[in-house]
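Below are the chains, spelled out letter by letter.
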Amino acid sequence: GIQVEQSPPDLILQEGANSTLRCNFSDSVNNLQWFHQNPWGQLINLFYIPSGTKQNGRLSATTVATERYSLLYISSSQTTDSGVYFCAVVSTSSASKIIFGSGTRLSIRP
Amino acid sequence: DGGITQSPKYLFRKEGQNVTLSCEQNLNHDAMYWYRQDPGQGLRLIYYSQIVNDFQKGDIAEGYSVSREKKESFPLTVTSAQKNPTAFYLCASSIRLAGGEVFFGPGTRLTVL
């Protein structure tokens, strides 16, 4: 089945810094989402982005489907950005399952 | 307000007891999913349902059971056969199976005493 790898696994930054989180996948996809899991466990939808670029405030994402990766950019980090960021994909060859990466744990220090 | 609700938020169970976790959605989505998350880990698929009265096993279905009698509801029963049931359980839905944006409920933390 499709493999989804996220990097880095952990990231510690000072407030105000910028960061780039990466999601690599081993097969072509027709669905890709980025989620933020807050300290209470809630998974918050950030982007639905099977291809192209989207921006929402300080966050933006780019998926290059032909090269099998997606990037999540966080600018001017705030302490409330802390948590775990997950990438989830649906492979075109196994279109019934949503596969999650293992996540990037982001800690923003004040 | 459309969304997914899960209850209870916290659940404590004695070993050997079955327990049912509730998941309701008012998004008019056909597909629903149950995931399990262990501390510091990613999400693993337990069961999914494409449509009412249909459901399929995911990657870790042993010790769990589900039903889908109504479009809005997809309850998960954790049976006594599940060896390590203590975990965080997340319910999700999408407009169709693995299609469109997936939305998650707030989760249920199950602890077996």
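These figures come from a predicted structure and were not determined experimentally.

Draft legend 1. Up close: the layout of surface pockets. Its boundaries defined by the atoms lining it, the largest pocket holds a volume of some 420 Å³. At the level of secondary structure, the elements contributing two or more residues to the lining of the largest pocket comprise β9 (83-91) and β11 (104-109) of chain A together with β9 (87-94) and β11 (108-112) of chain B. Each residue belonging to the lining of the largest pocket can be placed in one class, and the counts come to eight nonpolar, 12 polar and four charged. Each pocket or cavity is described by its volume, and for the second largest pocket that value is around 200 Å³. In terms of lining, the second largest pocket is formed by 14 residues, of which the most central are Ile 2, Lys 97, Ile 98 and Ile 99 of chain A together with Asp 59 of chain B. Elements that contribute at least two residues to the lining of the second largest pocket include exactly β10 (94-100) of chain A together with β5 (43-51) of chain B. A per-element tally of the lining of the second largest pocket places β10 of chain A first, with five residues.

Draft legend 2. Local environment of the pattern of salt bridges. Residues and elements named next belong to chain B. Counted according to the given criterion, the structure contains five salt bridges over all chains. Among the salt bridges present, the one from Lys 71 reaches Asp 30, with a minimum N-O distance of 3.5 Å. A residue pair is termed long-range when its members are at least 10 positions apart, and Lys 71 in the loop between β7 (64-66) and β8 (76-78) and Asp 30 in the loop between β3 (19-25) and β4 (31-37) qualify at 41 residues. Here Lys 71 falls in the partly exposed class, since its relative accessible area comes to 23%. On the accessibility criterion, Asp 30 (29% relative accessible area) is partly exposed. A salt bridge links Arg 36 to Asp 38, with the shortest nitrogen-to-oxygen separation between them at 2.9 Å. Just as Arg 36 is buried, Asp 38 falls in that class too. Linked by salt bridges that have partners in common, Arg 36, Asp 38 and Arg 44 make up one network.

Analysis parameters
- Residues numbered from 1 in each chain as written.
- Chains lettered and ligands numbered in written order.
- Predicted model: local features only at pLDDT ≥ 70, side-chain atom pairs only at ≥ 80, totals over all residues.
- Heavy atoms only, no water.
- 1 Å grid on protein atoms, 1.4 Å probe; cavity = no way out; pocket = protein on both sides within 12 Å on 5 of 7 lines; lining within 4 Å.
- Points joined across faces, edges and corners; volume = space filled by probe spheres on them.
- Helix = DSSP H or I, 4+ residues; strand = E, 2+ residues; numbered from the N terminus.
- Nonpolar A, V, L, I, M, F, W, Y, C, P; charged D, E, K, R; others polar.
- Salt bridge = Lys/Arg side-chain N within 4 Å of Asp/Glu carboxyl O.
- Buried < 20%, exposed > 50% of the residue type's maximum accessible area, 1.4 Å probe, protein only.

Scope: geometric values only; no functional claims are made or implied.
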